[in-house]
Amino acid sequence: MKYDVIIGLEIHIQLKTQSKMFCSCSTDYFGKDPNTLTCPVCTGMPGTLPIPNKRAIELCILMGLATDCAIDQSIKFDRKHYFYPDLPKGYQISQYDEPLCKNGYVMIREDDRTEKIEIERIHQEEDVAKSHHIVDPTTGLEYSLIDYNKAGIPLMEIVSKPVIRSAADARLYAARIRQIARYLDISDADMEKGQMRCEPNVSIQLPGTWKYNDGKILPAEKSNKSDKAAKLNPKVEIKNIGSITAVEKSIDYEIEWMSRELENGNELEQQTRGWNAHTGETEFQRTKESAEDYRYFKEPDIPIINVSTSNVDTIGEQLVKLPSERENNYIEKLSLTPYDACVIADDRANSEFFDELVSKVSEEISGDLSEAAKLSANWLTGIIFAYMNDSGKKITDINLRLEDLAHIIAEVQAGKANNQKAKKLVRKALETDGNLGELYESANTQVISDVDELETIAKKVINANEKAAQDFKSGKQNAIGFLIGQIMKESKGNADPNKAREVLIKLLES
Amino acid sequence: MKVDKDFIKHIANLAKIRLSKEQIDKFTPQMKTILDSADVLQNFDSEKIPQKRYNTLEFEQLRDDKPAASQSQEEALRNAPYNEKGFVKVPGGVIDN
């Protein structure tokens, strides 16, 4: 790659509240008839007054605390003006120069590599209406249908500094933000439902022509006076991204498009482009409005809100152990692979299930935590995740007694129970919501490792398969595999295959 | 503030309004008069006037997150000049997305 890639990400997340940001209309708009969840406040009628939702502000502060931001303890709202029919007041209540949270960061991880992604700000605002664009089939006339149910839903905007250097890191960052929002129940952050939206801004610059300073990308200083003043390539903002994977794909597409334009001698212009998931391309939307076009000024209808340190501390009590801390623990203290650590820590409930399972398994196998973690990870990401995947259930829908599961894991590990059979039993317990302990007690999963018992079975198998036995004796080593298979079949899968091999060879060579 | 035809065109563009050449010629001096009047206020020396603090709200005074009944769809659409199937209907090409 000839160019340096510079990416910043704006992420909007709807906050999980019962009522809207500035009025008491319900936020439960999904699947509701259009324009049934509005009031004079959220439709911008004259003479109405917005009153901020306390819970929404709490959730925004909580996100700020989780990302190590400084919290502004005197909250100021501003009006951001623009003319769209999806914005009933003619302005959006947002925050301009004094965001609620600023200067935070999150850590992203891919395998052994970790990166710190700095957050410039998190501010509080309100969502706009949903618009459907329609072309009349007979007249060809274009019009839009607007549903204001979504207008006024609490929204937070998380703005990263332009410190992301690849499309893959942008994806990891967006995924991390979504994880944190879900861990803290700030939002379900379902991108398909529009609860989370990502807008990357991307530019490509020749190495040496730019520098990063205090959250800004600036032209590099001239090395001597005869140099022409460096001009930076403008950035492109991408909208309409519907999934975490589309974050990466759309940025990759944009980088390639911009480098091609530059290689062809074309000049880039600052613009907004929309991602089209069907074609896998971005399309021109508009040249971007600049901050002064929004004519921000302080929202005169909302006083400054004082948040005391004890308010912030109380909100902070809702913090839980976050995914990156969990990943680090799993890798450093439990010796899990980074891959397993990330898969397990991805979801809070899965991760909590795992922690409990590890502690139960370690009791069963007398205390080796790393060994217990490795076993628990195998069973969780194997059989249990497979079941969750097939059934669409979550870990919280599963009623396995962890003591029973831990016991079985330990028995298999000790060679006392047959691995395949035990896993089938667990699957059965999951599918029938059955009692795993009872199923295990009544099922025949005991491994046959008793030499006399194995000899009896082996003799029977040799008699029934004289040709294979003869083949082995005349040097065909692979005939043994067939005979072991027959022993497994005869023992209904309970024979210890290694012991069975020893017994077979002894019999055949005698 | 410099008020010329380009400025008027820019504002019209932001407001999604199409203006004819005649309208631009007519509105440019009018807008200049309006903004010049506002400048009179800008030039007022307010140094000696004691600043009044904004009213403030305590965090505890904010609204509790309890939903209440909304107005009916009929009521919501009462002030909309056009509607269709419960939606407010507006001309196309105004919204980008």
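All figures in this text were calculated on a predicted structure; none of them were measured in a lab. (Residues numbered from 1 in each chain as written. Chains lettered and ligands numbered in written order. Predicted model: local features only at pLDDT ≥ 70, side-chain atom pairs only at ≥ 80, totals over all residues. Heavy atoms only, no water.)

**A look at the overall build of chain B**
Stage number 1. Along its length, chain B carries three helices and three strands.
Stage number 2. From first element to last, N terminus to C terminus, chain B shows the α and β order α-α-β-α-β-β.
Stage number 3. Scaling as 2.2 N^0.38, a compact globule of 97 residues should have a C-alpha radius of gyration of about 13 Å, whereas chain B reaches 22 Å, well beyond that.
Stage number 4. Looking at chain B as a whole, 24% of its 97 residues are labelled buried.
Stage number 5. Here chain B contributes 16 positive and 16 negative side-chain charges, whose respective centroids are spaced 5 Å apart. (Helix = DSSP H or I, 4+ residues; strand = E, 2+ residues; numbered from the N terminus. Rg over C-alpha atoms; globule rule 2.2 N^0.38 Å. Buried < 20%, exposed > 50% of the residue type's maximum accessible area, 1.4 Å probe, protein only. Lys, Arg positive; Asp, Glu negative; His and termini not counted. Charge placed at Lys NZ, Arg CZ, Asp CG, Glu CD.)

**A closer look at the interface of chain A and chain B**
Stage number 1. Contacts between the two partners involve 53 residues from chain A and, on the opposite side, 39 residues from chain B.
Stage number 2. Summing both partners gives a buried area of about 4,000 Å² for chain A against chain B, and 58% of it is carried by carbon and sulfur.
Stage number 3. Here the side of chain A that touches chain B takes six residues from strand S9 (residues 142-147) of chain A, the largest share from any one element.
Stage number 4. Tallied by class, residues from the side of chain A that touches chain B come to 24 nonpolar, 17 polar and twelve charged.
Stage number 5. Looking at chain direction, strand S18 (residues 304-306) of chain A and strand S1 (residues 56-58) of chain B are connected through three bridges and run parallel. Within the sheet, the bridge partner assigned to Ile305(A) lies in S1(B) and is Leu57(B). (Contact = heavy atoms within 4.5 Å. Buried area = accessible area lost by both parts, 1.4 Å probe. Nonpolar A, V, L, I, M, F, W, Y, C, P; charged D, E, K, R; others polar. Pairing = 2+ DSSP bridges.)

**Overview of the sheet that holds strand S4 (residues 78-81) of chain A**
Stage number 1. One open sheet holds the three strands; their spatial order is S5-S4-S17 (chain A), and the pairing between them is antiparallel. Two strands lie at the open edges of the sheet, namely strand S5 (91-94) and strand S17 (297-298) of chain A, each paired on one side alone.

**As for the environment of Leu49(A)**
Residues and elements named next belong to chain A.
Stage number 1. With respect to the helices and strands, Leu49 occurs in the loop between strand S1 (4-14) and helix H1 (54-66).
Stage number 2. A relative accessible area of 52% places Leu49 in the exposed class.
Stage number 3. Between the C-alpha atom of Leu49 and that of Ala189, which follows or precedes it by 140 residues, the distance is 29 Å.
Stage number 4. Each residue touching Leu49, except ones within four places of it in the same chain, is listed here: Phe22, Val41 and Asp301.

**Points about empty space enclosed by the protein**
Residue and element names in this part refer to chain A.
Stage number 1. As enumerated under the stated definition, the model contains two cavities of 30 Å³ or more in all.
Stage number 2. Taken as a whole, the largest cavity encloses approximately 50 Å³ of empty space.
Stage number 3. If you go around the largest cavity, the residues you meet are Cys42, Asp86, Leu87, Pro88, Lys89, Tyr91, Glu126, Asp127, Val128, Ala129, Ala151 and Gly152.
Stage number 4. Residue classes in the lining of the largest cavity are distributed as seven nonpolar, one polar and four charged. (1 Å grid on protein atoms, 1.4 Å probe; cavity = no way out; pocket = protein on both sides within 12 Å on 5 of 7 lines; lining within 4 Å. Points joined across faces, edges and corners; volume = space filled by probe spheres on them.)

**Observations concerning the domain arrangement of chain A**
Stage number 1. Examined at the domain level, chain A breaks down into domain 1 (4-310), domain 2 (323-442) and domain 3 (451-509).
Stage number 2. With centres defined by C-alpha atoms, the gap from domain 2 of chain A to domain 3 of chain A works out at 34 Å. (Domains from an automatic or database assignment.)

**Quick look at the pairing of strand S15 (residues 271-276) of chain A**
All names here are of chain A.
Stage number 1. Taken across its six residues, S15 has six buried, putting it largely inside the fold.
Stage number 2. The side-chain alternation of S15 yields two buried faces, one formed by Gln271, Arg273 and Trp275 and the other by Thr272, Gly274 and Asn276.
Stage number 3. Examined bridge by bridge, strand S14 (residues 236-239) and S15 share four bridges and lie parallel to one another. Paired with Lys239 across the strands is Gly274, a residue of S15.
Stage number 4. Chirality of the crossover, the property in question, places the unit of S14, helix H3 (residues 244-263) and S15 among those that are left-handed. (Right-handed = clockwise from strand over helix to strand, strands pointing away.)

**Brief notes about the nonpolar core**
Residue and element names in this part refer to chain A.
Stage number 1. By size, the foremost hydrophobic cluster in this structure holds 116 residues, and its most contacted members are Ile11, Ile57, Ile158, Tyr173, Phe354, Ile384 and Leu405.
Stage number 2. Broken down by element, the residue count for this core peaks at eleven residues, all from helix H8 (residues 369-391).
Stage number 3. Contact partners of Phe354, with chain neighbours within four places excluded, come to Tyr330, Leu334, Leu336, Ile344, Ala373, Ser376, Ala377 and Leu380.
Stage number 4. Ala479, Ile480, Ala495 and Val503 belong to the second-largest nonpolar core, a separate cluster that totals 20 residues. (Core = buried A, V, L, I, M, F, W, Y, C linked by side-chain atoms within 4.5 Å.)

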